[in-house]
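An overview of the molecular structure
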Amino acid sequence: MAGVIKEFRLPDLGEGLTESEIVNWHVAVGDTVELNQIIADVETAKAVVELPSPYAGVIAELHEQPGTVVEVGAPLVSFEVAGPAGAPPTTGGAASAGDTGAPAKREPNLVGYGAAVEKGGRPERRARRFASQLLGGANPAGGSALPGLAGIPGSVPMIAAVPAVPARPAVEAAPVAPALESAGPRPAAPGLPTVSGERPRSTPPVRKLARDLGIRLEEVPGTGPGGLITRDDVLAASSAGAGGSIAPAPATSSPATSSPAGVQDTGRETRAPIKGMRKHTAAAMVASAFTAPHVTEFLTVDVTPTMELIGRVKESKAFAGVRITPLTIVAKALCIALRRNPTLNSRWDEAAGDIVQFNYVNLGIAAATPRGLLVPNIKDAQELSLMDLAGELTGLTERARAGKTGPADLSGGTISITNIGVFGIDAGTPILNPGEAAILAMGAVRRMPWEYEGQVALRSVMTLSLSFDHRLVDGEQGSRFLADIGAILADPGMVLAMV
Amino acid sequence: MSTLTFGRAINAGLRRAMDNDPKVILMGEDIGKLGGVFRITDGLQKDFGAHRVLDTPLAEAGIMGTAVGMAYRGYRPVVEIQFDGFIYPAFDQIVCQVAKIHYRTQGAVKMPITIRVPFGGGIGSPEHHSESPEAYFTHTSGLRVISPSNPQDAYTMIQQAISSDDPVLYFEPKRRYHVKGEVDEGSDPAASSMEKACVVTEGSDVTLVTYGPLVPTARDAAVAAGDDGVSVEVIDLRSLAPIDFETVEASVRKTGRLVITHEAAQSGGLGAEIAASITERCFYHLEHAPVRVTGFDIPYPYSKLEFHHLPDLDRILDGVDRVLGRPNSLSGLER
Amino acid sequence: MALKNIESVPGGPDGPPPGLIQLITADGIRVPDPAYDPLVADVDGAALQGLYEDMVVVRRIDAEATALQRQGELALWPPLLGQEAAQIGSGRALRRDDFVFSSYRENAVAYCRGVDLTDILRVWRGNASSGWDPYAINMATPQVIIGAQTLHATGYAMGILNDGDDAVAVTYFGDGATSQGDVNEAMVFAASFQAPVIFFCQNNHWAISEPVGLQAHVPIANRAPGFGIPSVRVDGNDVLACLAVTRQALARARSGGGPTFIEAVTYRMGPHTTADDPTRYRDANELEDWAAKDPLKRLEAHLDSRGLFDEAFTAAVKAKADAVAAELRAGCLDMPEPAPSDVFKHVYSTPNSWLDRQQDHYERYLSSFADSASSDGSS
């Protein structure tokens, strides 16, 4: 008989059963059976039941022997029945998993399919449409702060233009003390690091701010109640260069220190004594501003090629785990441009009556730290490869964030950079770090309409602001230096023409 | 140690509780000669007698109300509700009487009643046989609500429930009745608490909270997530009222991210309570709003559709992706 | 949907229908009953005087409590006026180790159980959810959910059976409760297990505003045999008859005969509670008819006919009632206020982490007020 083979699988014979034992077969291979003829006795956890044949036909195969325990859903008997191939089964063959879109592992061949059997094997997810993005891909929600996952904190804001941070009164930024928050583990006192193993304590808007600024909250000391990290703490950390962001120039802004000692608050105004870092910074700024005649020049550059370079470098295996940001490239460009314009790397020694030109570059990075404005510097930056320079920048900013900047870091600087772009600022007139001849302020990278190959295109644009000591540097030298840096950022390949 | 199925572990726990205290009696439909429709009480009437294992008339309010009277008389009734969806006729007796008599009588009358409820879906049954009504009871003061997820807990927690002087709803994940596991039948139930949550998989990136039938699913999800580079900590609540929020809180303080999964409908459910409580307790540690992965707000669907309703590994991991800000099914909807 | 024949339901105001057990008529005449007389053969004149005193005292308790409610000392009161015979007759039949599961109107039964008078008022003054310790007087906290207590009594009786004891559980409920599933399920369980339980239904003709005809289309007692439970209709305003039928049911239960259903046909002469206005739904004539069958008046007439109602007796009864009323009033007014933290007490028998936290937070809240004397806030 030219029949079709039909397979009958063990149904759930009670509610929620997973298996049954074949007690005995009433039929043998080759037997002809009628519909509903008893073909087997089967024992479940609940009862011994008779199995009626679901088909009229010939027994083609008995898949299991008596005494065998069979899982619900496993093949039991194959029948050869008359009828065209591919005809739907007369019973049991309900919608397949594929029809319903249900998980593929679950194939209810019967309505009563019983409880799922615990299967061995490693559990796996089903593939998703966006599976390719899952690992190391772009993250629509902003820079991932997940340890061990792709996405380096700070990389996103360094690429995208950062919105200007609204100035907020400190009182708003510090939430009311959570007096009744759980008595569970918590920092012992304000300002101390969070308890080991816990996430840093902060509020969602502050977390968002930190993410946008590329700040790792784990490394920000909290000054709020119970060690809560406030909006001001994140801004301070950002100014200090935490997470690779760089502080604004001394002249643009400097966040107040967090010390409340001696502060008087009348409601309408708050008076604090001039002392400590604030006093020191003020003296240095006045000395610089009124000793060195400042000239500031501006240059706006299409840095799209630089941003593309950063993207390529990040993807290269050699730079795995290395933080590359626009600051890294600007620092490198500055070192290269200094070789052609060494007067920018010099010092007016009034006492000795000398002009000292340095043959090395100790590159200062302005940073707002928990202690106040500091300008630690990278020693012999001219010797460093891009990768080493990136490493030094990271180390310097981490030490500044942690308040561990040492005296050696702070002394001997020859030229400085300040990154005001992290605040969404385009340009400014930075004041020289005392004793240095130049300071470069880098503005925000903005997507702007720009002339490109004869057309208007949306390009990444940055403004550079260079202040120099006109006693040491003439306009021509300063202008060439700034133009060189701009040329490298506009076309990193220009480096080949300069070295 | 012996290897028992989940169902046999409950049976063994019942047997031990009945051995230890002659005031423990079982009441329910078909629990005597038949041993219950899931055979959980198999053999107990034969061994303890019809006066201790009572086949009752088919009236859930009647069973519960007479259990109250038994408790008044000093007994510790263990009531079997045959299926989750059959508990509603007894609802008034549970919430108005069982739950409140201790309070009403200012502690004079105790209600040490254990209400066993096979619950949850996944076995292909018709309506009323696959429900998850636990939130009705966790919302009712005076009740304690627990749900074991493995044979050892099933064995220990049934004894703890019976020895509790307060009424306890003991929700049994019926689709796990046939899961086998090691059970230490000599263990002392008094040595542990049925109200302590258990970290069943340690992790550092996301806290995944669940109970009962979804615990194995959550553990599988943690393994699969681990293969994706995400470290998921799975917490088996065990107790649903009260919830051991201290354990959940300690985990979320570490991970900053919380996903809750249960079969029951979402709105007004336990997930909402957990999300709210943890947000209140750990607001400053949260990196993302807590996410619920639950059954839909629908009557329990017919069985061909139930695996759309029931959270599974992939839906749970979609929730994990959400709290991580990774691409997920709602990407673009969330801000 | 029309409800027919409500007015003609047996047990209405047209005199005792056939089958109603009555030993003392409304006029105070003792009528012999060969079946029930032996059950009350021991009730001599002094005992009858005792039952009379009980009824006067509970009526006085009722009046005093109603007054206290009108004076703002109680939030609510459910009067039992008119039902004294049903409650005293059955209540006095019980043994100390029997256990009562009643509704909220059985204050006369509580009186028979020896309740402290002040305890009767605690619930209604809002000072507690239960006036007394149920085990102190073997009477459960009165049940508010209509009919729920009948299942509790049945379960308790099943426990008595298991213990091999000969105590009896007695449950009180009204005609309205007989429509509840719980009452019907209780009868199923009681019959199936042959539990020693008495279903004592006071058919007082009104479930708030709904007449008994809305609940039952046949005499309520006729339902019980359908469950396999013997039943009896008794004149609920005849204290002696109520005593007799209750004794009969108790004897049956104690000897393994299982449950009995008693329908005591009586009348709620007052409102459902002090918040009710029966004039909105009830004919004044009906009240007059039932006033003629008043349980106290008929026993008074009977005692008088036997020379047992002299001035010394009435004076003693009055003195007792006055003393009880004074004690009740004093107990009410002197009841200590509960402490704020009592709101959390006894929800669970062992500590509960959710509630402990709420209590801790609430105590902090209370103590946050400048004028708070303690964390309790009680000052």
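Structural notes, computed from the coordinates. From a predicted model like this one, the values you see are computed outputs, not experimental measurements.

What counts and how
- Residues numbered from 1 in each chain as written.
- Chains lettered and ligands numbered in written order.
- Predicted model: local features only at pLDDT ≥ 70, side-chain atom pairs only at ≥ 80, totals over all residues.
- Heavy atoms only, no water.
- Helix = DSSP H or I, 4+ residues; strand = E, 2+ residues; numbered from the N terminus.
- Buried < 20%, exposed > 50% of the residue type's maximum accessible area, 1.4 Å probe, protein only.
- Areas by Shrake-Rupley, 256 points an atom, 1.4 Å probe, with all protein chains shown as cover.
- Axes fitted to C-alpha atoms, helices over the stretch in contact; angles between N-to-C directions.
- Parallel < 35°, antiparallel > 145°, perpendicular 65-115°, else oblique.
- Left-handed = near helix turned anticlockwise from the far one by under 90°.
- Contact = heavy atoms within 4.5 Å.
- Nonpolar A, V, L, I, M, F, W, Y, C, P; charged D, E, K, R; others polar.
- Buried area = accessible area lost by both parts, 1.4 Å probe.
- Salt bridge = Lys/Arg side-chain N within 4 Å of Asp/Glu carboxyl O.
- Pairing = 2+ DSSP bridges.
- Phe/Tyr/Trp six-rings, centres within 6.5 Å; stacked < 30°, edge-to-face > 60°.
- Lys NZ or Arg CZ within 6 Å of the ring centre and 35° of its normal.
- Core = buried A, V, L, I, M, F, W, Y, C linked by side-chain atoms within 4.5 Å.
- Patch = residues over 30% accessible without salt bridge, like charges linked within 9 Å, V, L, I, M, F, W, Y side chains within 5 Å.

Below, the discussion takes up the overall build of chain B. Along the backbone of chain B there are 12 helices and 14 strands. Within chain B, the proportion of its 335 residues that are buried is 70%. Carbon and sulfur atoms provide 53% of the accessible area of chain B, an area that totals close to 10,000 Å².

Residues and elements named next belong to chain B. Here helix H1 (residues 6-20) crosses helix H7 (residues 151-163) at 30°, and the two axes come no closer than 8 Å. Judged on the interaxial angle alone, H7 and H1 are roughly parallel. Handedness of the H1/H7 crossing: right-handed. Taken together, the residues of H7 that come into contact with H1 (itself represented by Phe6, Ala9, Ile10, Ala12, Gly13, Leu14, Arg16 and Ala17) are Pro151, Ala154, Tyr155, Ile158, Gln159 and Ile162. Looking at the contact of H1 with H7 residue by residue, the class counts come to 11 nonpolar, 2 polar and 1 charged.

Once that is clear, we can look at the environment of Trp132 of chain C. Residues and elements named next belong to chain C. Tracing the backbone shows Trp132 in the loop between helix H4 (117-125) and helix H5 (134-137). Taking relative accessible area as the criterion, Trp132 reaches 7% and is therefore assigned buried. Between the C-alpha atoms of Trp132 and Asp119, which are 13 residues apart in sequence, the distance is 5.7 Å. Apart from residues no more than four positions distant in its own chain, Trp132 is found in contact with Ala110, Val115, Asp119, Ile120, Ile137, Met139, Ala140, Thr141 and Pro142.

This part is about the interface of chain C and chain B. At the interface, 43 residues of chain C touch 50 residues of chain B. Both faces considered, chain C and chain B share a buried interface measuring about 3,700 Å² in area, 56% of it formed by carbon and sulfur atoms. In this structure, the connection of chain C to chain B is made through 3 salt bridges. Here Arg73 of chain B makes a salt bridge to Asp163 of chain C, at a shortest N to O gap of 2.8 Å. Sorting the residues of the side of chain C that touches chain B by element identifies strand E2 (99-101), H5, helix H6 (148-163), helix H7 (181-193) and helix H14 (353-367) of chain C as the ones contributing at least two each. With 11 residues, the top contributor of residues to the side of chain C that touches chain B is H6 of chain C. In terms of residue class, the side of chain C that touches chain B is made up of 20 nonpolar, 15 polar and 8 charged.

Moving on, we get to the pattern of salt bridges. In total, this model carries 60 salt bridges over all chains according to the counting rule given. Where Glu7 of chain A meets Arg9 of chain A, a salt bridge forms, and the shortest distance between an N and an O atom there is 3.9 Å. On the accessibility criterion, Glu7 of chain A (41% relative accessible area) is partly exposed. Among the salt bridges present, the one from Glu195 of chain B reaches Arg144 of chain B, with a minimum N-O distance of 2.5 Å. One end of the pair, Glu195 of chain B, is in the loop between strand E8 (180-183) and strand E9 (198-201); the other, Arg144 of chain B, is in strand E6 (residues 144-146), and 51 residues separate them in sequence.

Time to look at the pairing of strand E4 (residues 197-203) of chain C. Residue and element names in this part refer to chain C. When you tally the buried positions in E4, you get 7 out of 7 residues, the bulk of the element. On E4, burial covers both faces: Val197, Phe199, Cys201 and Asn203 on one face and Ile198, Phe200 and Gln202 on the other are all buried. With 6 bridges connecting them, strand E3 (residues 169-174) and E4 associate as parallel partners. Residue pairing across strands places Val170 opposite Ile198, the latter belonging to E4. Note that E4 and strand E8 (residues 260-265) share 6 bridges and pair parallel. Among the inter-strand pairings, Phe200 is bridged to a residue of E8, identified as Ile262.

Next up on the list: the sheet that holds E9 of chain B. All names here are of chain B. Here we have 5 strands laid out as an open sheet, ordered E9-E11-E10-E13-E14, and mixed in their pairing. Only two strands of the sheet have a single neighbouring strand rather than two, namely E9 and strand E14 (291-295). Neighbouring strand axes in the sheet, compared pairwise and without regard to direction, differ in orientation by 25° on average. Lying over the sheet, helix H8 (residues 215-227) contacts E9, strand E10 (206-210) and strand E11 (232-236), oriented at roughly 170° with respect to E11.

Here the focus is the packing of aromatic side chains. Applying the stated criterion across every chain, the model contains 34 aromatic pairs over all chains. Among the aromatic residues, ring-to-ring pairing joins Tyr88, Phe91, Phe119, Tyr136, Phe137 and Phe171 of chain B into one connected group. The ring of Tyr452 of chain A has Arg459 of chain A sitting right over it, with the charged end atom 3.5 Å from the ring centre. Lying over the aromatic face of Trp290 of chain C, Lys293 of chain C brings its terminal NZ or CZ to 4.0 Å of the ring centre.

A few words on unusual backbone geometry. Residue and element names in this part refer to chain B. Cis geometry marks the peptide bond from Ala241 to Pro242; its omega dihedral reads 0°. Locating Pro242 in the fold gives a position in the loop between strand E12 (239-241) and helix H9 (245-255). Phi at Arg238 takes a positive value of approximately 65°, unusual for a residue other than glycine. Looking at where Arg238 falls in the secondary structure, it is placed in the loop between E11 and E12. When its relative accessible area of 7% is taken as the criterion, Arg238 is described as buried.

Let's shift gears to the sheet that holds strand E1 (residues 4-9) of chain A. All names here are of chain A. Strand order across the open sheet formed by 4 strands is E1-E8-E6-E3, with antiparallel pairing between neighbours. The sheet is open, and its two edges are formed by E1 and strand E3 (32-33), each paired on a single side. Pairing between strand E6 (residues 57-62) and strand E8 (residues 75-81): 4 bridges, direction antiparallel. Looking at E8, one finds that Val58 is bridged to Glu80.

Let's shift gears to the pairing of strand E5 (residues 48-52) of chain A. Residues and elements named next belong to chain A. Bridging between strand E4 (residues 38-43) and E5 involves 5 bridges; their strand directions are antiparallel. Each bridged residue has a counterpart across the sheet, and for Ile38 the counterpart in E5 is Pro52. In sequence, E4 turns back onto E5 through a hairpin of 4 residues.

Attention shifts here to the side chain of Ser288 of chain A. Structurally, Ser288 of chain A is set in helix H7 (residues 276-291). Here Ser288 of chain A is in contact with His294, Ile431, Leu432 and Pro434 of chain A, once residues within four sequence places are set aside.

It is worth spelling out the nonpolar core at this point. In this structure, Tyr72 and Leu169 of chain B are the most contacted members of the largest nonpolar core, which totals 79 residues. Here this core takes 7 residues from helix H3 (residues 60-72) of chain B, the largest share from any one element. In this structure, Ile61, Leu80, Val170 and Leu308 of chain C belong to the second largest nonpolar core, which totals 70 residues.

To continue, consider helix H4 (residues 91-98) of chain B. Burial of H4 of chain B is extensive: 6 of the 8 residues sit out of reach of the surface. Inspection of H4 of chain B places Gln93, Ile94, Val95, Cys96, Gln97 and Val98 of chain B among the buried residues, and these make up the whole buried set.

This part is about a nonpolar patch on the surface. Together, Tyr362, Tyr365 and Phe369 of chain C line one region of the surface with nonpolar side chains, adding up to about 300 Å² of accessible area. The exposure class assigned to Tyr362 of chain C is partly exposed, which follows from its relative accessible area of 34%.

Quick look at the packing of H3 of chain B against H6 of chain C now. Running from amino to carboxyl end, H3 of chain B crosses H6 of chain C at an angle of 55°, the nearest separation of the two axes being 6 Å. As far as their axial angle goes, H6 of chain C and H3 of chain B are oblique. For the pair H3 of chain B and H6 of chain C, the sense of crossing is right-handed. For the pair formed by H3 of chain B and H6 of chain C, the contact residues are Ala61, Gly62, Gly65, Thr66, Val68, Gly69, Met70 and Tyr72 of chain B on the first element and Leu151, His152, Thr154, Gly155, Tyr156, Met158 and Gly159 of chain C on the second. Considering only residue class, the contact of H3 of chain B with H6 of chain C consists of 7 nonpolar, 8 polar and no charged.

On their own, these measurements won't tell you what the molecule is for.
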